[in-house]
Amino acid sequence: MTDHEASLPKTSVSGYSRLVGPVAAHIAFVMELTLVPLLLPALGVDFSLSVGTLAWVFNAYSIAVAAGVLIGGVLGDAFRTDRIFAVGVATFACGSLLVAWSSGLETLIVGRVLQGFGAGVFSPLIPILLTRLASDKPGRALILWGSIAGYIAAFAPLIYSTTLDGTYWRFAFVVIAAQASVALWILRGSNDGSCESTTARPVVDYTSILSASKLWLVFAYVFCTYGAITFFLFRLPVWLSGNAVETGQIGLILSAMWLTFSAVSTLLRNKVDQDYVGAIMVAAPILIAVGLVLSLNQNTGLLIIASIFVGSGLAYSNAPSTQMILRYAPNGLSGSSTCLDITFARFGGFVTVALLANFGLPIAAPVLTILCIAAVFCSVLVCPPALRGA
C-alpha cells in the first residue's frame, strides 16, 4: 500500500481513505470467493444437497453477480460512483448475514442472490475508483489492489480449515459480512465528494460497445479463463471431500492457489504497464490448462502444484485483462465495460459449473483445456505485436 501512495494525486487522509475503502470491500469480495468453495461440502451435508443442487447454490451467486454488474456499471457511469459502490457493499453484507442465518434451502438461495447482486453492483466499480487515483500508472494500481487483497484472503481458507470444522460455516459468512461492514465504515468516513466531478456527465452512446471488436475478444478471453478457474474452485473441494480428504488438506490446497496468485501479481506489478501485457495474457490460459491436467489425482503434493499453476494463471489474466478492457472501452463507458468484464467472468463460471458439475475432473479437464486454447487465440488477436513483446 505504501508503494502506491506516491502515485496519489494528493497525500491527504481522505485520499488515502478513498483508496483503503475499495480495497477493504474487495477483501470481503475475495473472501467469499476463497471460502465458499471450502464450505460447499458442509453446506451439502447440513441441507442434504446433491452435487447438482449444490451447484445451483454456488451458481445463484454467479447469476446474481451477472445481473448486478449490468446495473452497477450503468449507474456508476450515470451517477456518483462512490454512492452506488456503497449501496452494493451494503447489499452484499446483508446477503452474507442472511446466508449465515438461513434455516432452509430457500433462505440460503435468497441470501446467495443478495450477496451476488451486491457484489455485482460494487465490484466493477473498484478498478474505476482506484485508477482515478493513479491515472499515471493504472496497471500498477490494479496489480497492487489484487495482490494486497489476495494475500489477506489467501489465508482465509487455511485458517478456517485448520481452526474450525464444517459445522462452523455460518461463522465464515458472518466474518465476510463484518469485513464488508468495515469497508462501509471507511467509505462513509472518506466520502467528501471530492473524487467525483460536479460537472454534468456527457451523454454516452451505449451501442458503441457493440462495435468495439477487440473489447469483445477480451470478453471472450475472460469467459474462457474464468470458466476454467471457477470450475476448478467448485469441483475440487467437493470431489476431495467425497473421497474422504480432510478439510485441512483441502484448505491447504486452495490457499496455495491464492498465495500464488498474490505473489505472482506482486511480481507482475511493474510489467503490466510495459510492453509485456500481451505475452502475460497469452501465458495465463496455458498455465491454467497445465494446472487442470495436474489436478487429475488425489496426491496432495501434486494438487498443491496444480493449484500453483492455476493461481499463476489467474494472476496472469486478472489485471492484464482488466487493463485491456479499460484500453478498448469506448469513451464514457469504462464502468459499463468493466461490469461486462465481470458479467462474462461469472457467466463463464456459471456455464462451466452448470454443464460439468456432475462430471469428475477426468471428463471435464479436456473440455476446460479447449476453453484455455480458445483463450490463447483471443489473447493473440486482441494484442498488437508491440504488446506481445515482439
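Since the model is a prediction, treat every value here as computed from it, not as a measurement. (Residues numbered from 1 in each chain as written. Predicted model: local features only at pLDDT ≥ 70, side-chain atom pairs only at ≥ 80, totals over all residues. Heavy atoms only, no water.)

**Q** Got a minute to help me understand helix α9 (residues 213-242) in this structure?
**A** Three or four residues apart is the spacing at which side chains of an α-helix point the same way, because the helix has 3.6 residues per turn. Over its 30 residues, α9 runs 44 Å from end to end, which matches the ideal 44 Å to within 8%, given 1.5 Å per residue. At Arg235, α9 is deflected by roughly 25°, the largest bend along its length, and proline Pro237 occurs up to four residues later in sequence. Of all 30 residues making up α9, 22 are buried, and the element is well covered by its neighbours. (Helix = DSSP H or I, 4+ residues; strand = E, 2+ residues; numbered from the N terminus. Expected span 1.5 Å × (residues − 1). Bend = angle between axes of the 7 residues up to and from the residue. Buried < 20%, exposed > 50% of the residue type's maximum accessible area, 1.4 Å probe, protein only.)

**Q** Explanation requested: the environment of Glu246 in the structure shown.
**A** Counting through the fold element by element, Glu246 comes out in the loop between α9 and α10 (247-267). Here Glu246 falls in the exposed class, since its relative accessible area comes to 56%. Separated by 85 residues in sequence, Glu246 and Ser161 have C-alpha atoms that sit 8.8 Å apart.

**Q** Looking at this structure, how should I read the packing of helix α4 (residues 81-100) against helix α5 (residues 105-122)?
**A** For any two helices packed against each other, the geometry is given by the interaxial angle and the distance between the axes. Packing of α4 against α5 leaves a shortest axis separation of 7 Å and a crossing angle of 160°. Classified by the angle between their axes, α4 and α5 sit roughly antiparallel to one another. Every pair of crossing elements has a handedness; the one defined by α4 and α5 is left-handed. On α5, the residues that touch Ile84, Phe85, Gly88, Val89, Thr91, Phe92, Gly95, Ser96, Leu98 and Val99 of α4 are Thr107, Leu108, Val110, Gly111, Arg112, Leu114, Gln115, Phe117, Gly118, Ala119, Val121 and Phe122. Of the residues in the contact of α4 with α5, the class split is 13 nonpolar, eight polar and one charged. (Axes fitted to C-alpha atoms, helices over the stretch in contact; angles between N-to-C directions. Parallel < 35°, antiparallel > 145°, perpendicular 65-115°, else oblique. Left-handed = near helix turned anticlockwise from the far one by under 90°. Contact = heavy atoms within 4.5 Å. Nonpolar A, V, L, I, M, F, W, Y, C, P; charged D, E, K, R; others polar.)

**Q** Looking at this structure, I do not really get the packing of α9 against helix α11 (residues 277-294). What am I missing?
**A** Put simply, α9 and α11 touch, their axes get as near as 11 Å, and they point 25° apart. Classified by the interaxial angle, the pair formed by α9 and α11 is roughly parallel. Handedness of the crossing formed by α9 with α11: left-handed. Across the interface between the two elements, Tyr221, Thr225, Ala228, Ile229 and Phe232 from α9 touch Met281, Ala284, Pro285, Ile288 and Leu292 from α11. Within the contact of α9 with α11, the residues separate by chemical class into nine nonpolar, one polar and no charged.

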